[in-house]
Amino acid sequence: MKKRDQARPRLLALMVITVLLVALLAGCVSGPATTQKPTTTGGTTATATTTASKPVLPDGGVTNPTGYEPIVNQPITLTAAIIYGAHMGDFTKYEIWKNIETKTGIKLELNILADREKVNLMFASRDFPDIAFRLDPQNTSVMDAAEAGDLVQLDPLLEQYAPIWNEFFQENPLMAKYVQVRDGKIYSLPYVEWLEWNTNLRDQWFINGDWLNELNLPEPKTTADFKDYLIKVKENAGKGSIPANAIPFYILYNSYIGGQFDVYASFGVYMCQTNGQNYLYMDNGKIKSQVANPNLKEAIKYLADLYQSGLMAPEIFTDDWGAYVSKITSEPAITGSLGTHNNNGKTWWKAIGPLDSGNNRPSYIRAQSKGVRLNAFMIFKDNKYPVASLRLANMLSDPEGLLFEEFLGYEGIHYNKVGDKYERVAMVDTTKQGENLKPLGNYTIALIDDNIVSKFLSFPATKTKDTREYDYLNRYKSHVPTEMQIPSIPDTYFTSQENELIAQYATDCDAFLKKTVATWITGDADIELEWDGLLAKLNKMGYQDYINLMQKGYNKLME
Amino acid sequence: MTTGTIPSGTNRPSKLKQRGHLGSRLRKFWPLYLFLLPALIYLALFHYAPMYGVLMAFKSFKPIKGILGSDWVGLYNFARFFRMDMFRTLIVNTLTLSIYALAAGFIFPILLALLINTCVLRRFSRVLQTITYLPHFISMVVMVGIINLLFSPSLGMFTHLLNALGIIEGPLTLLLSAKAFNDLYVWSGVWQSMGWGSIIYLAALSGVDPALHEAAMLDGASKFQRVRHIDIPWIMPTMVILLILSCGNLMNVGFEKVFLMQNAMNLGVSEIISTYVYKMGILNAQYSFSAAVGLFNSVINMALLLSVNALSKKLGDTGLM
Amino acid sequence: MKKNRTRIGSSGTDVLYDAVNTTLLVLVFIVIAYPLYFLILASFSDPSDVTAGRVWLFPKGVTLNSYQKVLEFTILWVGYRNTAIYTLLSTAIGVTVTMLTAYPLSIPNLPGKRWIMLLFVFTMFFNGGLVPTYITVQALKLTNTPTIVIILGCFSVYNLIITRTFLQRSIPQDMYEAAEIDGAGYGRRFLNIVLPLSKPILAVLVIYIAVWQWNSYFTALVYLSDRKLITLQLVLREILTSQQQLMQQLQDGAMDQDMEKATKLAESIKYAIVIVSSLPIMCLYPFMQKYFAKGLFIGAMKG
């Protein structure tokens with residue numbers, strides 16, 4: 001038995017005290033550092049407003065109150081944070097920044113945040129640049145930053161220095177509400193893109209036109225026709241251009257994109273995805289659930305029938321996003337039908353639907369919310385040139401500024417100027433033109449509202465068959481129930497306690513629905529036995545409380 | 001310890017070094033404290049200075065106020081965690097998965113090392129060594145991607161193989177099965193880390209004195225007996241230490257791999273603490289809550305490590321501290 | 001030497017043992033090699049063929065496309081260079097500090113050893129988290145420097161423990177006593193006794209730390225913003241961009257065309273990426289292998 005070193009009191013005590021002291025000191029030194037930042041409340045108003053006696057140019061005399069070329073009368077540099085998008089390539093090489101610098105005199109030093117972690121870290125450590133473009137931050141992070149005075153309040157500056165946005169908010173008070181943070185003030189500008197074929201429709205429902213022709217079948221108009229088509233695909237697998245391992249109907253289960261929700265919609269069961277899936281929809285100002293809707297049962301049984309007849313593969317449950325994309329873009333095609341945003345240039349995908357399920361309910365197809373992407377542009381308090389920054393934001397949203405270059409791209413490549421209108425080139429081969437000529441698209445701010453669209457933009461694609469634009473206008477538009485969409489409700493309309501509860505209920509209910517419906521589809525569980533008890537089980541997890549909370553927030557939003 | 005020869009090198013306190021006056025011992029050992037200095041400085045700067053962050057679990061964190069300035073809420077976050085409906089499921093899933101993974105992940109590297117060490121085909125075993133540690137380099141995303149491809153229900157290689165052999169008909173539903181989730185997770189983990197884990201044991205085994213083996217052979221011991229009575233006791237301390245360290249990692253069962261392997265059909269079993277907290281965090285930043293859950297995990301880990309450590313000291317004399 | 005000593009006594013069971021041993025190892029070989037082979041095949045095939053299950057013994061739609069695309073990212077070479085430098089320095093520092101720390105802690109009656117050990121072990125469980133660490137690094141003015149990437153994490157308590165265990169097992173007491181009688185100081189003992197006998201554990205540490213540093217990305221992700229300092233894993237991660245992030249960006253619906261192109265790109269190159277990023281470091285092990293060879297220990301013993 002080893003004799004333990006009996007504690008030598010002095011040595012021990014010395015070590016313990018040293019450790020504690022170090023920790024304490026370190027804590028004291030680093031701790032208050034985070035609270036040492038002075039809390040100001042949008043203290044730039046002083047420099048922005050002109051005093052009555054002598055007009056002073058804003059930003060200490062650097063910025064011109066009007067005109068874009070230039071914005072500043074001496075060249076300045078601003079640090080700008082922006083998140084990374086894999087398909088966008090290297091932002092720093094884009095031509096647009098040079099364009100901005102020559103026109104306005106503002107040089108932008110980009111800090112590309114490659115990961116969500118970095119964005120969270122930036123807000124948590126309060127280590128901010130001058131401005132930020134798209135960051136996709138958590139709403140609570142932005143609210144906290146606004147409360148701490150890290151963000152410049154934009155309201156008082158909008159009228160004079162960002163008239164385009166001022167007008168927009170006056171015409172669209174709901175959008176203004178979205179943008180406002182806790183205290184009803186505006187601290188950031190959103191990204192607005194209201195092209196109806198983009199925002200009003202979620203996915204197109206595609207069918208393999210080549211296979212349809214080979215099987216000598218007409219375009220399916222009802223759910224029964226569709227099943228017929230699928231059966232024929234399965235029977236003829238291995239013949240013609242239908243491969244032996246063809247998957248007749250391929251979806252990405254429970255996914256917002258390419259999921260089974262459009263099948264539900266064909267049965268007249270409409271649901272939208274807000275804060276998770278959860279099978280909710282809007283009915284004249286009331287948020288309701290589809291869980292007790294008997295038509296939903298029919299829709300699920302239809303899917304179960306398809307699955308258990310081997311017309312859908314188990315891969316619908318196991319594939320991840322990458323596998324999904326590989327399958328839908330596979331050449332030669334491997335599936336007979338799927339749902340996705342557009343046909344990706346594969347000419348055999350023909351749009352169909354919505355299908356008539358024969359239950360005398362209207363057939364829908366999913367819409368998206370007409371909203372704005374928040375926090376697309378922010379100005380931080382250490383910025384020496386807040387007015388110049390705001391004027392830059394205005395210019396990027398102005399048709400007479402760089403709106404079209406920034407959003408659409410370059411003349412001759414992305415669009416052609418035909419008279420007054422900017423005619424969008426239908427399919428741009430982005431590999432050919434080089435990365436530096438890409439438009440920034442939805443990575444920054446833009447104001448493409450209904451006015452701009454009708455006045456300036458023209459899309460030849462709307463007249464070309466088999467494009468998303470055409471299919472939307474001619475096929476889907478009348479089936480898209482935008483009034484049933486629940487608008488997104490910003491976190492500001494809930495207390496932090498309510499936000500916590502919503503996060504918990506939404507996660508739990510979504511997981512439960514996802515699991516349960518999956519077992520019904522595979523047949524591992526019996527829908528007849530479990531259907532009636534579903535709502536009760538969900539309510540035990542807080543489903544009704546969740547709906548009530550959402551309703552409360554929505555009412556607050558609308559008042 | 002075990003029967004048989006006690007390999008030389010065991011620590012036996014020499015009679016030369018007995019307790020002396022503290023002052024003289026400090027004077028004697030001072031170069032050693034100097035050796036310790038770099039690591040201690042590193043520790044102080046990067047581990048102990050930020051240690052106050054642990055308090056985040058007890059506060060309602062707001063970045064403006066910083067961690068020390070945020071409001072103290074005591075055990076509120078912990079209570080919230082314990083009161084969740086999902087709590088019991090999460091704990092059961094996490095523990096089942098980790099204990100299973102720990103047991104399998106502990107044993108196989110040892111077996112592999114012993115097998116390689118006694119392989120008669122020298123060149124084959126060296127090539128094999130290199131091959132077995134390669135899977136360690138595959139990132140988790142690609143690893144799960146390969147699993148999904150090979151086990152793909154209707155399109156995967158195993159489906160074709162099993163159909164051709166007539167063992168099953170139609171798609172292989174392994175990936176969909178909740179019951180098979182733990183097995184798939186653990187054995188793919190063994191596949192990936194078995195070779196890498198055997199490195200430390202091979203290094204330890206390289207220190208076995210061949211004279212012992214020769215003596216045993218002279219005594220007529222078979223290869224198997226030699227492995228049992230010489231090799232295994234020799235690496236026993238390494239085994240024990242690594243076991244203790246693994247126990248100290250019990251609650252940290254890998255977030256990324258489980259998250260990637262989850263699907264609608266196996267959620268009942270595959271939802272573990274870290275994935276659940278992550279999902280909640282997507283909807284709403286939950287700093288304090290995640291900190292509390294993290295602290296809970298750490299406390300359990302540490303308690304486990306100290307218990308297993310104490311147990312091993314009682315049984316055999318080897319321990320961490 | 002050894003050869004004429006075999007086959008004395010239980011030759012029967014030995015043959016059985018060898019047979020079973022070899023069979024098991026061959027099985028292990030097949031089980032491990034096939035998925036690796038599949039990985040290589042997939043990197044040379046079209047991703048649609050791979051996910052459609054058309055690839056399993058031979059590549060389909062053979063293409064060097066994936067590798068081409070990966071190598072097109074010129075910043076990849078910057079990443080390679082930086083990672084190589086960071087790995088070298090990190091390994092050197094990490095191995096040195098670990099050995100220097102493990103040695104005193106392996107000496108039987110060092111005063112305060114238990115408490116120092118406790119100090120180390122405590123940090124395995126409790127740490128302040130990302131934000132306080134970030135603030136500390138900021139205070140030290142080490143953000144956006146190579147230094148922080150090299151230092152942070154090169155020393156780990158886990159490595160310390162296994163090194164200490166090795167030293168306790170393998171350095172016999174008599175050596176110390178002999179050295180003490182000779183009047184050698186601790187420094188000399190460390191250099192002349194401990195290090196030469198530690199070749200296996202040194203090899204292990206080199207492998208562990210080098211591979212860890214080569215594969216790590218988190219520290220670089222958090223602390224580096226200068227593109228010139230970027231590491232290999234960060235470049236690759238940027239190319240791949242986790243699928244969840246893409247999905248979340250897609251919630252907005254716009255730009256889907258590009259998003260699907262990006263995903264297709266990621267799918268097609270993720271296998272090539274594994275190979276491109278691992279090839280250099282995989283070659284480290286065979287070099288270190290020889291330090292595990294038996295018999296190295298003997299020479300040192302008899303002295």
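Worth saying up front: this structure is predicted, and the values here are computed from it rather than measured.

S.K.: Just checking my understanding: could you explain the overall build of chain B for this structure?
M.R.: A tally of helices and strands in chain B yields 14 helices and two strands. Oriented by its inertia axes, the alpha-carbon framework of chain B measures out at about 70 × 65 × 30 Å. Here chain B holds 321 residues, and 55% of them are scored as buried. When contacts within chain B are restricted to residue pairs at least 6 apart in sequence, those whose partners lie at least 24 apart make up 65%.

S.K.: What is the right way to read the overall build of chain A from this model?
M.R.: Helices and strands together make up the secondary structure of chain A, namely 25 helices and 15 strands. By the burial criterion, 60% of the 559 residues in chain A qualify as buried. Looking at chain A alone, contacts between residues at least 24 apart form 75% of all its contacts between residues at least 6 apart.

S.K.: How should I be thinking about unusual backbone geometry in this particular structure?
M.R.: If a residue is not glycine, its phi is most likely negative; likewise, a peptide bond is most likely trans. All names here are of chain A. In this structure, the amide linkage connecting glutamate 69 to the following residue, proline 70, adopts the cis form with an omega of 0°. Structurally, the position occupied by proline 70 is in the loop between α3 (58–61) and β1 (76–83). The residue after glycine 353, namely proline 354, is reached through a cis peptide bond having omega -10°. Within the secondary structure, proline 354 is located in the loop between β10 (349–352) and β11 (373–379). Unlike most non-glycine residues, asparagine 216 shows phi in positive territory, near 55°. Tracing the sequence through the fold places asparagine 216 in the loop between α11 (209–214) and α12 (223–235). Residue asparagine 216 is classed as exposed on the basis of its relative accessible area of 69%. One non-glycine residue, asparagine 360, lies in the positive phi region at around 60°. By the element assignment, asparagine 360 lies in the loop between β10 and β11. Given the relative accessible area of 78%, asparagine 360 is considered exposed.

S.K.: Can you help me understand the pattern of salt bridges in this one?
M.R.: Any two side chains of opposite charge can pair, on the condition that their charged atoms come close. Applying the stated criterion to the full structure yields 21 salt bridges over all chains. Notably, a salt bridge pairs A:Asp203 with A:Arg366, separated by 3.1 Å at the nearest N-O pair. With A:Asp203 in the loop between α10 (196–199) and β5 (204–208) and A:Arg366 in the loop between β10 and β11, the pair connects residues that are 163 residues apart, well separated along the chain. Comparing A:Asp203 with A:Arg366 shows no difference in burial state: the two are buried. In this structure, B:Lys279 engages B:Glu271 in a salt bridge whose closest nitrogen and oxygen atoms are separated by 3.1 Å. In this structure B:Glu271 comes out as buried when scored by relative accessible area, which is 2%.

S.K.: Whenever I open this one, the sheet that holds strand β4 (residues 188–193) of chain A confuses me. Can you help?
M.R.: Across a sheet, strands are paired by hydrogen bonds formed along the backbone, either parallel or antiparallel in direction. Residue and element names in this part refer to chain A. Strand order in the open sheet made by the six strands is β2-β1-β3-β11-β4-β14, with mixed pairing throughout. Edge strands, defined here as strands with exactly one partner in the open sheet, are β2 (106–113) and β14 (446–448). The sheet contact formed by strand β3 (residues 131–132) and β11 spans two bridges and is antiparallel. What sits directly across from isoleucine 131, in β11, is isoleucine 379.

S.K.: Which parts of the structure should I look at to understand the side chain of A:Glu193?
M.R.: Within the secondary structure layout, A:Glu193 lies in strand β4. Of the side chains with opposite charge, A:Arg373 lies nearest to the buried A:Glu193, which makes no salt bridge, at 6.8 Å.

S.K.: Even after reading the chapter, I still don't get the pairing of strand β9 (residues 335–340) of chain A, so can you show me in this structure?
M.R.: Working note: regular strand, side chains alternate between the two faces of the sheet. Residue and element names in this part refer to chain A. Across the six residues of β9, six count as buried, placing the element largely inside the fold. Taken together, the four bridges between β5 and β9 define a ladder with antiparallel strand orientation. Bridge pairing links glutamine 204 to threonine 340 in β9. Looking at chain direction, strand β6 (residues 247–249) and β9 are connected through two bridges and run parallel. Paired with isoleucine 247 across the strands is threonine 335, a residue of β9.

S.K.: Looking at this model, I keep getting lost on the interface of chain B and chain C. Mind explaining?
M.R.: Accessible area lost upon the coming together of the parts is a frequently used measure of interface size. Taken together, the contact pairs 101 residues of chain B with 108 residues of chain C. Between chain B and chain C, the buried area comes to about 10100 Å², and carbon and sulfur atoms account for 72% of it. Linking chain B with chain C are one salt bridge, by the criterion used here. The partner of C:Asp18 in a salt bridge is B:Lys223, and the shortest N-O contact between them spans 2.7 Å. At the boundary of chain B and chain C, one finds 14 residue pairs in polar contact (both at pLDDT 80 or more). Residue classes in the side of chain B that touches chain C are distributed as 71 nonpolar, 22 polar and eight charged.

S.K.: For this particular structure, what's the right way to read the sheet that holds strand β13 (residues 421–424) of chain A?
M.R.: Residue and element names in this part refer to chain A. Taken in spatial order, the three strands of this open sheet run β12-β13-β15, and their pairing is mixed. In this open sheet, the two strands that pair with only one neighbour each are β12 (415–418) and β15 (457–458). Where β13 lies against β15, two bridges are found, and the strand directions are parallel. Across the sheet, tyrosine 422 pairs through a bridge with leucine 457, a residue of β15.

S.K.: Before we go on, may I ask you to explain a nonpolar patch on the surface in this structure?
M.R.: Together, B:Trp30, B:Leu34, B:Leu37, B:Ile41, B:Leu45 and C:Leu140 give the surface a local cluster of nonpolar side chains, amounting to about 550 Å² of exposed area. Position of B:Leu34 among the secondary structure elements: in helix α1 (residues 22–48).

S.K.: Looking at this model, I keep getting lost on the packing of helix α14 (residues 294–308) of chain A against helix α22 (residues 496–522) of chain A. Mind explaining?
M.R.: Angle between the axes and distance between the axes: these two values describe a pair of packed helices. Residue and element names in this part refer to chain A. Viewed as axis vectors pointing N to C, α14 and α22 meet at an angle of 50°, and their least axial separation amounts to 7 Å. Judged by the angle between their axes, α14 and α22 are oblique. Residues Ile300, Leu303, Ala304, Tyr307 and Gln308 of α14 pack against Val517, Trp520, Ile521 and Thr522 of α22. Among the residues making up the contact of α14 with α22, the classes are represented as seven nonpolar, two polar and no charged.

S.K.: Could you clarify how one ought to interpret α14(A) in this entry?
M.R.: It helps to recall that an α-helix has 3.6 residues per turn; residues three or four apart then point in one direction. Residues and elements named next belong to chain A. Relative to the 21 Å expected for 15 residues at 1.5 Å per residue, α14 spans 21 Å between its end C-alpha atoms, a close match to the ideal helical length. Those residues of α14 that fall on the buried side of the exposure criterion are Asn295, Leu296, Lys297, Ala299, Ile300, Tyr302, Leu303, Ala304, Leu306 and Tyr307. Contact partners of the buried residues in α14: α12, β6, α13 (261–266), α15 (315–318), α22 and α23 (527–530). N-cap assignment for α14: the residue whose side-chain oxygen lies 2.9 Å from the backbone N of asparagine 295 is asparagine 293.

S.K.: Explanation requested: the environment of B:His47 in the structure shown.
M.R.: Along the polypeptide, B:His47 turns up in helix α1. With 101 residues separating them in the primary sequence, B:His47 and B:Asn148 have C-alpha atoms 39 Å apart. Dropping the residues within four chain positions of it, B:His47 is found in contact with B:Tyr42 and C:Thr123.

S.K.: What am I meant to see in the side chain of B:Thr94 here?
M.R.: Within the secondary structure layout, B:Thr94 lies in helix α4 (residues 87–117). If we ignore the near neighbours within four places in the chain, the residues touching B:Thr94 are B:Met251, B:Val253, B:Ile272 and B:Ile273.

S.K.: Would you take a moment to explain the domain arrangement of chain A for this structure?
M.R.: Residue and element names in this part refer to chain A. Segmentation of chain A into domains returns domain 1 (47–194 + 372–410 + 426–449) and domain 2 (204–366 + 477–558). Each of domain 1 and domain 2 was reduced to a C-alpha centroid, and the two centroids are 37 Å apart. Residue-level contacts link 10 residues of domain 1 with nine residues of domain 2. Both faces considered, domain 1 and domain 2 share a buried interface measuring about 780 Å² in area, 62% of it formed by carbon and sulfur atoms. There are zero salt bridges connecting domain 1 and domain 2. The interface formed by domain 1 and domain 2 includes one residue pair in polar contact (both at pLDDT 80 or more).

S.K.: Can you walk me through the confidence of the model for chain A in this structure?
M.R.: For residues with low pLDDT, the predicted coordinates do not support detailed interpretation. A residue-level look at chain A finds 87% of positions with pLDDT of 70 or above and a mean pLDDT of 83. Below pLDDT 50 for its whole length, residues 1–53 of chain A participates in 53 contacts with residues either more than four positions away or in separate chains.

S.K.: Help me out: how do you make sense of the packing of α12(A) against α14(A) in this one?
M.R.: Residue and element names in this part refer to chain A. With their axes 11 Å apart at the nearest point, α12 and α14 run at an angle of 10° to one another. Taken as axis vectors, α12 and α14 run roughly parallel relative to one another. The handedness of the crossing between α12 and α14 is right-handed. Where α12 abuts α14, its residues Thr223, Phe226, Lys227 and Leu230 lie against Tyr302, Asp305 and Leu306.

S.K.: Hey, could you run me through the pairing of β12(A) in this one?
M.R.: Residue and element names in this part refer to chain A. Inspection of the sheet shows β12 paired to β13 by four bridges, in the antiparallel sense. The residue of β13 that forms the bridge with tyrosine 415 is arginine 424. Joining the antiparallel neighbours β12 and β13 is a turn of two residues, in which glycine 419 adopts a positive phi near 70°.

Basis of the calculations
- Residues numbered from 1 in each chain as written.
- Chains lettered and ligands numbered in written order.
- Predicted model: local features only at pLDDT ≥ 70, side-chain atom pairs only at ≥ 80, totals over all residues.
- Heavy atoms only, no water.
- Helix = DSSP H or I, 4+ residues; strand = E, 2+ residues; numbered from the N terminus.
- Buried < 20%, exposed > 50% of the residue type's maximum accessible area, 1.4 Å probe, protein only.
- Contact = heavy atoms within 4.5 Å.
- Salt bridge = Lys/Arg side-chain N within 4 Å of Asp/Glu carboxyl O.
- Pairing = 2+ DSSP bridges.
- Lys, Arg positive; Asp, Glu negative; His and termini not counted.
- Buried area = accessible area lost by both parts, 1.4 Å probe.
- Polar contact = N/O pair within 3.5 Å; in protein donor to acceptor, adjacent residues only side chain to side chain.
- Nonpolar A, V, L, I, M, F, W, Y, C, P; charged D, E, K, R; others polar.
- Patch = residues over 30% accessible without salt bridge, like charges linked within 9 Å, V, L, I, M, F, W, Y side chains within 5 Å.
- Areas by Shrake-Rupley, 256 points an atom, 1.4 Å probe, with all protein chains shown as cover.
- Axes fitted to C-alpha atoms, helices over the stretch in contact; angles between N-to-C directions.
- Parallel < 35°, antiparallel > 145°, perpendicular 65-115°, else oblique.
- Expected span 1.5 Å × (residues − 1).
- Domains from an automatic or database assignment.
- pLDDT = per-residue confidence, 0-100.
- Left-handed = near helix turned anticlockwise from the far one by under 90°.

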